[in-house]
Amino acid sequence: KLGLFGIPISIKDNIHVKGTDSTLGAAVRCLHPLESDALLVQAIRNAGGVPFVKSNIPQLLLMPESENRIFGVARNPWSLDRTPGGSSGGEAALIAAGCSILGVGGDIGGSIRIPACYCGIFGFKPSYTRVTKQGSAINKINDRNGQAIILSSMGPMGKSVRDLNLLMNVLVDCHITDHDFNTPPLPWRNSVVEHGVGAAVGGGKKAASKKMKIAVMYSDGWCEPTPAVKRAVKEAAVALEEMGHEIVPFQYPCDVKKLLSTYVRLMAADGNWWSLLRALDGEYLYPSYKALQKYTDLPNIFRPFVTWLLNNVLGEERKALMFDCGKSGGLDVREYWEAIADMKDIEQSFSSSFIVNNYDALLMPVLPMSAPQHGLSPDMIG
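Residues numbered from 1 in each chain as written. Predicted model: local features only at pLDDT ≥ 70, side-chain atom pairs only at ≥ 80, totals over all residues. Heavy atoms only, no water.

1. Structural notes on the sheet that holds strand β10 (residues 361-363)
Selection rule: In short, DSSP must find at least two bridges between two strands for them to pair. The way it works is that DSSP assigns letters per residue, a run of H or I at least four long becomes a helix, a run of E at least two long becomes a strand, and they are numbered from the N terminus. Note on geometry: axes are C-alpha line fits, over the in-contact stretch for helices, and angles between N-to-C directions span 0 to 180 degrees.
Strand order in the open sheet made by the three strands is β9-β8-β10, with parallel pairing throughout. Unpaired on one side and paired on the other, β9 (246-249) and β10 mark the two borders of the sheet. When strand polarity is set aside, the average angle formed by the axes of neighbouring strands in this sheet is 35 degrees. Where strand β8 (residues 213-216) lies against β10, three bridges are found, and the strand directions are parallel.

So this is what it looks like as structure tokens:
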């Protein structure tokens, strides 16, 4: 019942903790201390955990860096001139630096996974209904979220799989369903961790008690990883194979360009960052967003020409995709529905691939490179 007794737990800025602000890195949300805890923070307290600090994030959560005008720049403890990632970058930096033992982050497009990769810690993004989000700030005005087709998840961050397993037992407590009907009344399955990877939970390499079929992919063919990243994936595959798991190659079951363009279209469907700018209530976008804002602000009449120029003259295929799938003024209803249908097709292609091939897991790079220097993330996105 008190599995976290006495353990200090750090909490990402946007998760409500009584008596603190959930700023989202925006000035308009400062000096508004919360009157109650988020439901998952209540669960942590009930298990004996001690929320002791809130961690830094990027303005409005959307960047793979963590900096804003309120708290400044979160830095990577392994190299201060490099970013710890985002949007849970402050959380990852605290844990990597030994300032926190365990923490809670959030992830929609890599916000736990990117910082965990950059800072050399462990992070887990559960399915979006597995951990309650009741009592967390949303980066839209009045916390009203119309972007409901691609949803975020709350998840643990720590120094080992064992740490994440400990916290997940608390975050998916069945009693939470009594207060949030969106979460399933299913306990965390420790057996998946204990039997699936055997002694690796504690850092060893003994044989696993349950053999898994793990697909491995070294590149998606769109953004080629560095040799060091490929080597890390290879070493993980070898270690898993030595434990008795079956390692097989994985091929994308869909067009990766279609996957990326669909994601961008849905995330930016309102056009011109309309809902995000409203949420800032007059504050200027942080400078790191400026490079991205051009993708959504370019007048639509120029988009075909700019896309052609980038593709055929400048060889900037990734930037061309960003201009091609965005739309000033936002998508109309027909375009939005088509993008959702594309997303469902992509989901089905992955599900079918796992079912047909009997995969238990997919091993792949988190990112194509290690942590970049501050300010370079916008260039990497495009």
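2. Remarks on the environment of Pro58
Our working definition: Contact definition: two residues touch when any of their heavy atoms are within 4.5 Å.
As for its position among the elements, Pro58 is in the loop between β2 (50-55) and β3 (67-68). A sequence separation of 230 residues divides Pro58 from Ser288, and the C-alpha atoms of the two residues are 9.4 Å apart. Sequence-distant contacts of Pro58, that is, excluding residues within four places in its chain, are made with Leu24, Met63, Glu65, Ser66, Glu67, Ser87 and Tyr289.

3. Quick look at the pattern of salt bridges
Side-chain pairs of opposite charge can arise where the charged atoms are in close proximity. How we decide: The salt bridge definition used is simple: a Lys or Arg side-chain nitrogen within 4 Å of an Asp or Glu carboxyl oxygen. Burial classes follow relative accessibility: with a 1.4 Å probe on protein chains only, a residue under 20% of its type's maximum area counts as buried, one over 50% as exposed, and anything between as partly exposed.
Across all of its chains, the model carries nine salt bridges by this definition. Between Glu283 and Arg69 there is a salt bridge whose closest N-O contact spans 3.3 Å. Separated by 214 residues along the polypeptide, Glu283 in the loop between α8 (274-280) and α9 (290-297) and Arg69 in the loop between β3 and β4 (72-73) bring together distant segments of the chain. Classification of Glu283 as buried rests on a relative accessible area of 17%.

4. Remarks on the sheet that holds strand β1 (residues 8-12)
Here we have five strands laid out as an open sheet, ordered β2-β1-β5-β7-β6, and mixed in their pairing. Lying at the two open borders of the sheet, with one neighbouring strand each, are β2 and β6 (122-123). Note: β1 against strand β5 (residues 102-107), three bridges, orientation parallel. Bridging from a neighbouring strand, Ser10 pairs with Gly103 of β5. Set on the sheet, helix α4 (residues 161-171) makes contact with β5, β6 and β7 (153-158); between it and β7 the angle comes to about 140 degrees.

5. Focus: empty space enclosed by the protein
Defined as follows: In this analysis, the protein atoms alone were mapped onto a 1 Å grid. Cavities are point sets where a 1.4 Å probe fits without being able to get out; pockets are open sets with protein on both sides within 12 Å along at least five of seven lines; lining residues have an atom within 4 Å of a point. Grid points are joined across faces, edges and corners, and a volume is the space filled by probe spheres set on the points. Three residue categories are used. Nonpolar comprises Ala, Val, Leu, Ile, Met, Phe, Trp, Tyr, Cys and Pro, charged comprises Asp, Glu, Lys and Arg, and polar comprises the others, including Gly.
Scanning the model with the defined rule gives one cavity of 30 Å³ or more in all. The volume enclosed by the largest cavity comes to roughly 40 Å³. Contributing to the lining of the largest cavity are Arg130, Val131, Thr132, Leu171, Val172, Asp173, Ile176, Thr177, Thr183 and Pro184. Across the lining of the largest cavity, the residue classes break down as five nonpolar, three polar and two charged.

6. Description of the layout of surface pockets
In this structure, the second largest pocket spans a volume of roughly 390 Å³. Taken together, 16 residues make up the lining of the second largest pocket; nearest its centre are Lys1, Ala43, Asn46, Val170 and Asp173. For the lining of the second largest pocket, the secondary structure elements donating two or more residues are α1 (39-46) and α4.

7. Section: the pairing of β9
Here is the rule we go by: Handedness of a crossover is defined as follows: orient the strands so they point away from the viewer, and if the path from the first strand over the helix to the second runs clockwise, the crossover is right-handed.
One ladder, built from four bridges, connects β8 with β9; its direction is parallel. Note on β9: the bridge partner recorded for Val216 is Pro249. What joins β8 to β9 is helix α6 (residues 227-242), and the crossover it makes is right-handed.

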